[in-house]
Amino acid sequence: MKQLSAIIPGAVNTYCPGCEHGLLLKLIAMALEELGITEKAVMVGSVGCSTLAFKFLNIDYVQAPHGRAPAVMTGIKEVEPDSIVFAVQGDGDALSIGLQELFYAANRGIPVSIFMYNNMVFGMTGGQMAPTTPEGMVTMTTPYGRDTAKSGPPIYSCEMLSGLSKPSYIRRVIIAPKPIQLKDRVMYSSREANQSYKAIISAFKTQMKGGFSYVEFLGTCNVNWKMSILDSKKYAHNVSAKVYQPALFRDKFGVDFIES
Ligand SMILES: Cc1ncc(C[n+]2csc(CCOP(=O)(O)OP(=O)(O)O)c2C)c(N)n1
Ligand code: SF4
């Protein structure tokens, strides 16, 4: 297999088996290569499992404090306008402590790309309730299921950002592969990875045209969901994708090419 220039040679995936964080990073590396922008790429780390990217990606990397990636990205873009700046943020990071940062970067239309991995919990810290945890979902801190009467309803980030005029590309896709039950074994669809890849390409193209791009990826955290890998994929398709429906919310430059 061809070595991707954006992946450190010999890097080994250390994410939990069945997690799509590693897949997302690989798709980003492939997109950087396809667009010929690896040399110009700067990833900004926030917190959560995505920050382990520094172990795999062979590109410039700056670590921001929890939730502050959009502010750091803004600074980098100001001083290096030709750079391609992106972050992979978890839902806990982007939509709780980091919500204000995200909102203002989007409201200003800063030309950066934010890839938000939504596994509906705080993964790295052990599976606590996140702003995206759906009603009734059992987590470490909601043993009886999330009660929206008490903690408020989940935050729909794509819909929220769509209320702003400046963002140029807003999309939600599901990255968790769909299980396909064959007679005696299970196969996983490649459609989700394919669509996720196209969304990443579109997000980077948007940034290259001077616009703000945001893609939400519905992924899993089987370890903290306390499910088998197979059940977590089913949950992502049967629950996550029903609560958070994949859709194109904004495409000012007409770059999206995901077939409906
Ligand atoms: C200021 C601060 N508070 C708390 C933490 C602890 N912390 C580490 S990762 C994380 C959130 C992880 O959840 P998420 O962003 O959803 O990412 P995931 O690991 O699920 O991909 C938190 C709260 C921290 N690193 N810094
Ligand atoms: S803790 Fe969850 S989000 Fe983090 S690597 Fe493991 S499965 Fe993925």
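(A) Here's a closer look at the overall build of the protein. Within the protein, the secondary structure is distributed over nine helices and 11 strands. Expected size for 260 residues packed as a compact globule is a radius of gyration near 18 Å; at 17 Å, the protein falls within 12% of this value. Expressed as a percentage of its 260 residues, the buried residues of the protein come to 53%. Sequence separation of at least 24 residues holds for 70% of the intrachain contacts in the protein that already meet a minimum separation of 6. If you average the places of the 25 positive and of the 21 negative side-chain charges in the protein, the two averages end up 4 Å apart.

(B) Layout of the site of ligand 1. Around ligand 1, 15 residues are found, and the nearest of them are His-21, Gly-92, Asp-93, Gly-123 and Met-124. His-21 places a side-chain nitrogen or oxygen 2.8 Å from an oxygen atom of ligand 1. Here Asn-119 contributes a side-chain N or O atom positioned 3.0 Å from an oxygen atom of ligand 1. Mapped by element, the contributors of at least two residues to the shell around ligand 1 are α3 (91-97) and β5 (121-122). Here the shell around ligand 1 takes three residues from α3, the largest share from any one element. A class-by-class count of the residues in the shell around ligand 1 yields five nonpolar, eight polar and two charged.

(C) Structural context of the site of ligand 2. Around ligand 2 sit Tyr-15, Cys-16, Cys-19, His-21, Cys-49, Asn-119, Gly-123, Cys-221 and Asn-224, and those are all the residues in its vicinity. When the residues that make up the shell around ligand 2 are grouped by side-chain class, the tally is five nonpolar, four polar and no charged.

(D) Up close: the packing of helix α1 (residues 21-35) against helix α7 (residues 191-208). It is the contact of α1 with α7, at a shortest axis distance of 9 Å, that shows an interaxial angle of 50 degrees. Put simply, α1 runs oblique to α7. The interaxial crossing formed by α1 with α7 has right-handed handedness. Contacts between α1 and α7 involve Leu-23, Leu-24, Leu-27, Ile-28, Met-30, Ala-31, Leu-32, Glu-34 and Leu-35 from the former and Ala-193, Ser-196, Tyr-197, Ile-200, Ile-201, Phe-204, Lys-205 and Met-208 from the latter.

(E) Representation of a nonpolar patch on the surface. On the surface, Ile-180, Leu-182 and Met-187 cluster together into a nonpolar patch covering about 230 Å² of accessible area. If you trace the backbone, Ile-180 turns up in strand β8 (residues 179-181). Given a relative accessible area of 38%, Ile-180 falls into the partly exposed group.

(F) Local environment of the packing of aromatic side chains. Enumeration over the complete set of coordinates arrives at nine aromatic pairs. Seen from their ring centres, Phe-115 and Phe-204 are 5.4 Å apart, and the 90 degrees between their planes marks the pair as edge-to-face. Here Phe-115, found in strand β4 (residues 113-118), pairs with Phe-204, found in helix α7; they are 89 residues apart in sequence, far enough to count as distant. In this structure Phe-115 comes out as buried when scored by relative accessible area, which is 0%. Among the aromatic residues, those joined into a ring-pair cluster are Phe-86, Phe-115, Phe-204 and Phe-217. Over the aromatic face of Phe-257 sits the side chain of Lys-205, whose NZ or CZ is 5.6 Å from the ring centroid.

(G) Up close: the nonpolar core. In terms of nonpolar packing, the biggest core is built from 38 residues, with Ile-28, Leu-32, Leu-57, Phe-86, Phe-115, Ile-200 and Phe-204 touching the most fellow members. Broken down by secondary-structure element, the contributors of at least two residues to this core are α1, β1 (41-45), β3 (84-90), β4, β7 (169-174), α7 and β10 (213-218). Setting aside residues up to four positions removed in sequence, Phe-86 forms contacts with Ile-28, Leu-32, Ala-41, Val-42, Met-43, Val-44, Leu-57, Ile-59, Met-73, Ser-113, Phe-115 and Phe-204. One finds Met-73, Ile-76, Ala-94 and Phe-212 within the second-largest nonpolar core, a separate group that totals 23 residues.

(H) Fine view of the environment of Thr-142. Position of Thr-142 relative to the elements: it lies in the loop between β6 (128-129) and α5 (148-151). What makes Thr-142 buried here is its relative accessible area of 9%. Through-space distance from the C-alpha of Thr-142 to that of Lys-178 is 27 Å; in sequence the pair is 36 residues apart. Beyond its immediate sequence surroundings of up to four residues, Thr-142 is in contact with Met-129 and Met-137. Within the structure, the side chain of Thr-142 is placed 2.6 Å from the side chain of Thr-139, a separation counted as a polar contact.

(I) Representation of the pattern of salt bridges within the structure. If you walk through the whole model with that rule in mind, you get seven salt bridges. For Glu-159, the salt bridge identified is with Arg-172, shortest N-O distance 2.7 Å. A residue pair is termed long-range when its members are at least 10 positions apart, and Glu-159 in helix α6 (residues 157-161) and Arg-172 in strand β7 qualify at 13 residues.

About the criteria used
- Residues numbered from 1 in each chain as written.
- Chains lettered and ligands numbered in written order.
- Predicted model: local features only at pLDDT ≥ 70, side-chain atom pairs only at ≥ 80, totals over all residues.
- Heavy atoms only, no water.
- Helix = DSSP H or I, 4+ residues; strand = E, 2+ residues; numbered from the N terminus.
- Rg over C-alpha atoms; globule rule 2.2 N^0.38 Å.
- Buried < 20%, exposed > 50% of the residue type's maximum accessible area, 1.4 Å probe, protein only.
- Contact = heavy atoms within 4.5 Å.
- Lys, Arg positive; Asp, Glu negative; His and termini not counted.
- Charge placed at Lys NZ, Arg CZ, Asp CG, Glu CD.
- Near = heavy atom within 4 Å.
- Polar contact = N/O pair within 3.5 Å; in protein donor to acceptor, adjacent residues only side chain to side chain.
- Nonpolar A, V, L, I, M, F, W, Y, C, P; charged D, E, K, R; others polar.
- Axes fitted to C-alpha atoms, helices over the stretch in contact; angles between N-to-C directions.
- Parallel < 35°, antiparallel > 145°, perpendicular 65-115°, else oblique.
- Left-handed = near helix turned anticlockwise from the far one by under 90°.
- Patch = residues over 30% accessible without salt bridge, like charges linked within 9 Å, V, L, I, M, F, W, Y side chains within 5 Å.
- Areas by Shrake-Rupley, 256 points an atom, 1.4 Å probe, with all protein chains shown as cover.
- Salt bridge = Lys/Arg side-chain N within 4 Å of Asp/Glu carboxyl O.
- Phe/Tyr/Trp six-rings, centres within 6.5 Å; stacked < 30°, edge-to-face > 60°.
- Lys NZ or Arg CZ within 6 Å of the ring centre and 35° of its normal.
- Core = buried A, V, L, I, M, F, W, Y, C linked by side-chain atoms within 4.5 Å.

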